[in-house]
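Structural overview
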Amino acid sequence: MMDFTALGTLKGKIEAKLHGTRLEFLTKWITAPFFWIFLLVFIFFLFGESVFYVLQGDTVSYLTSYQDKNIFRGELHAWRTPVYPYILRGLSFLTGEKMVVGGTLEFPTCSGMFTVRSLILLQFFAFLGGLWLFYRACGKIMKNSTILFGTVLLAGIGLMQNTRWISTESLGITFTMIFFSMMVFYLRDPSHKIAIGVNLLSCFMVFLRPVFLYLVLLLVPFWLLRMALGNSRKSAMTGFCFCLLTFLLLGGYCKLNEQRNGFFGIASVATHNQMACIIERGFYKNGASPEINEFIAQLPNDDSLLHGPMISEVLKYWSYEEVQQYTQATIKKNFVSYVIMSLKVMWWGKWEAMWVQCYALGFLDLLFTLALGVIFRQLPWIRLTTWGIFYGLIAVIYMGTTCDYIRLVTPALPVIYVLAGRYLDLLSVARSSSPEAFVAYLKTTL
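Since we're looking at a predicted model, the values are computed, not measured.

With respect to helix H12 (residues 290-297)
By the burial criterion, the buried members of H12 are Ile-292, Asn-293, Phe-295 and Ile-296. Projected down its long axis, H12 shows its buried positions confined to an angular sector of 165 degrees, all on one face. More than 90 degrees from the buried face of H12, the exposed residues found are Pro-290, Glu-291, Glu-294 and Ala-297. As for H12, its buried residues are in contact with helix H11 (269-280), helix H13 (308-317) and helix H14 (320-333).

Here's the deal with unusual backbone geometry
Non-glycine residue Arg-377 carries a positive phi angle of around 55 degrees. The residue Arg-377 is located in the loop between helix H16 (356-376) and helix H17 (381-400) in this model. Classification of Arg-377 by relative accessible area gives exposed; the value is 80%.

Concerning a nonpolar patch on the surface
A cluster of nonpolar side chains, namely Trp-36, Leu-40, Ile-43, Phe-44, Leu-46 and Phe-47, defines an oily patch on the protein surface of about 600 Å² accessible area. As for its placement among the helices and strands, Ile-43 is situated in helix H2 (residues 33-47). Residue classification places Ile-43 among the partly exposed positions, given a relative accessible area of 37%.

Observations regarding the packing of aromatic side chains
Counted by the stated rule, this structure contains 24 aromatic pairs. When the ring of Tyr-66 is compared with that of Tyr-86, the centres are 5.6 Å apart and the planes differ by 55 degrees; the resulting orientation is tilted. You can see Tyr-66 sitting in the loop between helix H3 (59-64) and helix H4 (83-95) and its partner Tyr-86 sitting in helix H4, a full 20 residues away along the chain. The exposure class assigned to Tyr-66 is buried, which follows from its relative accessible area of 2%.

As for the nonpolar core
Ranked by internal contacts, the top residues of the largest apolar core, which has 96 residues, are Val-41, Leu-131, Phe-134, Ile-166, Phe-179, Trp-223 and Phe-390. Ranked by residues supplied to this core, first place goes to helix H7 (residues 168-188) with 13 residues.

Description of the environment of Phe-52
If you trace the backbone, Phe-52 turns up in the loop between H2 and strand E1 (54-55). With a relative accessible area of 30%, Phe-52 lands in the partly exposed category. In contact with Phe-52, not counting residues within four places along its chain, are Arg-117, Ile-120 and Arg-164.

Quick notes on the pattern of salt bridges
Under the counting rule described, the total for this entry stands at 8 salt bridges. With its nearest N and O atoms 3.1 Å apart, the salt bridge here joins Glu-169 to Arg-209. With a gap of 40 residues between them, Glu-169 in helix H7 and Arg-209 in the loop between helix H8 (192-208) and helix H9 (213-228) connect regions that are remote in the sequence. Neither Glu-169 nor Arg-209 differs from the other in exposure class; each is buried. When the shortest N-O distance is used, the salt bridge between Glu-313 and Lys-316 registers 2.8 Å. Separated by 3 residues within a single helix, Glu-313 and Lys-316 lie in helix H13, roughly one turn from each other. A cluster of three or more residues bridged by salt bridges with shared partners is formed by Asp-58, Arg-80, Glu-169, Arg-209 and Arg-407.

Quick look at the environment of Asp-58
By the secondary structure assignment, Asp-58 is in the loop between E1 and H3. For the pair Asp-58 and Ile-166, spaced 108 residues apart in the sequence, the C-alpha separation amounts to 8.6 Å. Setting aside anything within four residues of it in sequence, one finds Asp-58 in contact with Arg-80 and Arg-407. Of note is the side chain of Asp-58, whose polar atom sits 3.4 Å from the side chain of Arg-407.

What to know about the side chain of Asn-257
Tracing the backbone shows Asn-257 in helix H10 (residues 233-261). Among residues more than four places away in sequence, those in contact with Asn-257 are Leu-76, His-77, Ala-78, Gly-262, Phe-263, Gly-265, Ile-266 and Ala-267.

A few points about the side chain of Arg-209
Arg-209 sits in the buried class, given a relative accessible area of 6%. Within the local environment of Arg-209, its side chain forms a polar contact with the side chain of Thr-168, the two groups lying 3.1 Å apart. Of note is the side chain of Arg-209, whose polar atom sits 3.1 Å from the side chain of Glu-169. Aside from chain neighbours lying at most four places away, what touches Arg-209 is Thr-81, Thr-168, Glu-169, Leu-408 and Pro-411.

Looking at the packing of helix H5 (residues 113-139) against H7
Between H5 and H7, the least distance of the axes is 8 Å, while the angle of their chain directions is 25 degrees. As far as their axial angle goes, H7 and H5 are roughly parallel. Read as a crossing pair, H5 and H7 show a hand that is left-handed. Seen from H5, the contacting residues are Gln-123, Ala-126, Phe-127, Gly-130, Leu-131, Leu-133, Phe-134, Arg-136, Ala-137 and Cys-138; seen from H7, they are Ser-170, Leu-171, Ile-173, Thr-174, Met-177, Ile-178, Phe-180, Ser-181, Val-184 and Phe-185. The residue makeup of the contact of H5 with H7, split by class, is 14 nonpolar, 5 polar and 1 charged.

Cut-offs and rules
Residues numbered from 1 in each chain as written. Predicted model: local features only at pLDDT ≥ 70, side-chain atom pairs only at ≥ 80, totals over all residues. Heavy atoms only, no water. Buried < 20%, exposed > 50% of the residue type's maximum accessible area, 1.4 Å probe, protein only. Helix = DSSP H or I, 4+ residues; strand = E, 2+ residues; numbered from the N terminus. Arc of directions from axis to C-beta. Contact = heavy atoms within 4.5 Å. Patch = residues over 30% accessible without salt bridge, like charges linked within 9 Å, V, L, I, M, F, W, Y side chains within 5 Å. Areas by Shrake-Rupley, 256 points an atom, 1.4 Å probe, with all protein chains shown as cover. Salt bridge = Lys/Arg side-chain N within 4 Å of Asp/Glu carboxyl O. Phe/Tyr/Trp six-rings, centres within 6.5 Å; stacked < 30°, edge-to-face > 60°. Core = buried A, V, L, I, M, F, W, Y, C linked by side-chain atoms within 4.5 Å. Polar contact = N/O pair within 3.5 Å; in protein donor to acceptor, adjacent residues only side chain to side chain. Axes fitted to C-alpha atoms, helices over the stretch in contact; angles between N-to-C directions. Parallel < 35°, antiparallel > 145°, perpendicular 65-115°, else oblique. Left-handed = near helix turned anticlockwise from the far one by under 90°. Nonpolar A, V, L, I, M, F, W, Y, C, P; charged D, E, K, R; others polar.

Take a look at the structure:
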């Protein structure tokens, strides 16, 4: 006869074991700092804003640019890169709803609310994933757990609102956090996988927002220096090889644009913005082509839509390639004045007052970084990487467009939280550690 008592005892032991495992797992998650960051950010996302979505000036072009084009057949849109338009297109396909922007310029509206909600939630949960990697990366360069928690929590709450934007800035913030995190992971524990991943991510980010091309350019000296100085030379060589492959891929895309749309470049919006800068700042008076200079001078001044009507008139008589050559040659001819004018806009522009503290913090961090590098006779990899991500984007934005600066530079904001958090962490270590431990901390966080 079967002993059911023994079976009952075994069942009880198994249930007790499973219950203990579940309880241990639950306890581990509840006591994890990131769980509370996740929870608080989620609460602020649900109740912190009165509007669920925010339309930007670029929203319409992202919605319409690839509606009738198939990138897999080599059909490219001159104005927009394909990643974000295809995300919008894919969501519309999955939900069966088409997003259409209507209303007025002052009060725009968007139909297809199920698709809109799906997009916002996708951007929000992608942001949380990026924030988790950001938390792990900051944990490798900060010692004080309280400051680490506060830095990432404030970054999460402060940047979360941008996930409501129907524009590339939302995902731009997320992928900037991921890029920064991967660079920190690589510098702490170099590997071939991370070296390859950083390059692939930078390439993807260019197709999300062409402005991220500066990250690909930053990676070139990074890999070369790592190889030259003998820092994890093999993985750095892998990174450099994949960086070259990234350039080949981007070059092929530019060549395809030349064949399809008549210009060699990632997106025509760059030339349009540079032309707007030349007109806005008066550099056409000393431009590279006397004919184009004279033509612009006799046009009625129209500063609406980034001087779009004036640029459209120029494009009626000159090809896009000729205008592209004109903008590049004009900026080169007036380069010093152009940089000075960009700096004036950056520091004293109408809407830039709130950002001056951020720029100053970044500049002071550069001086501090260089000083530490000289004192310890070692290259401050992490600090230079942080500074390069921040000021690289700032330089490209202020030298390449004429408006919406605050919105366009938002992907650099995660780095500002890192800079501020690291200085608080530095003060904390300075107060609580011996001089020897403080010096060791400075060396290991360079």
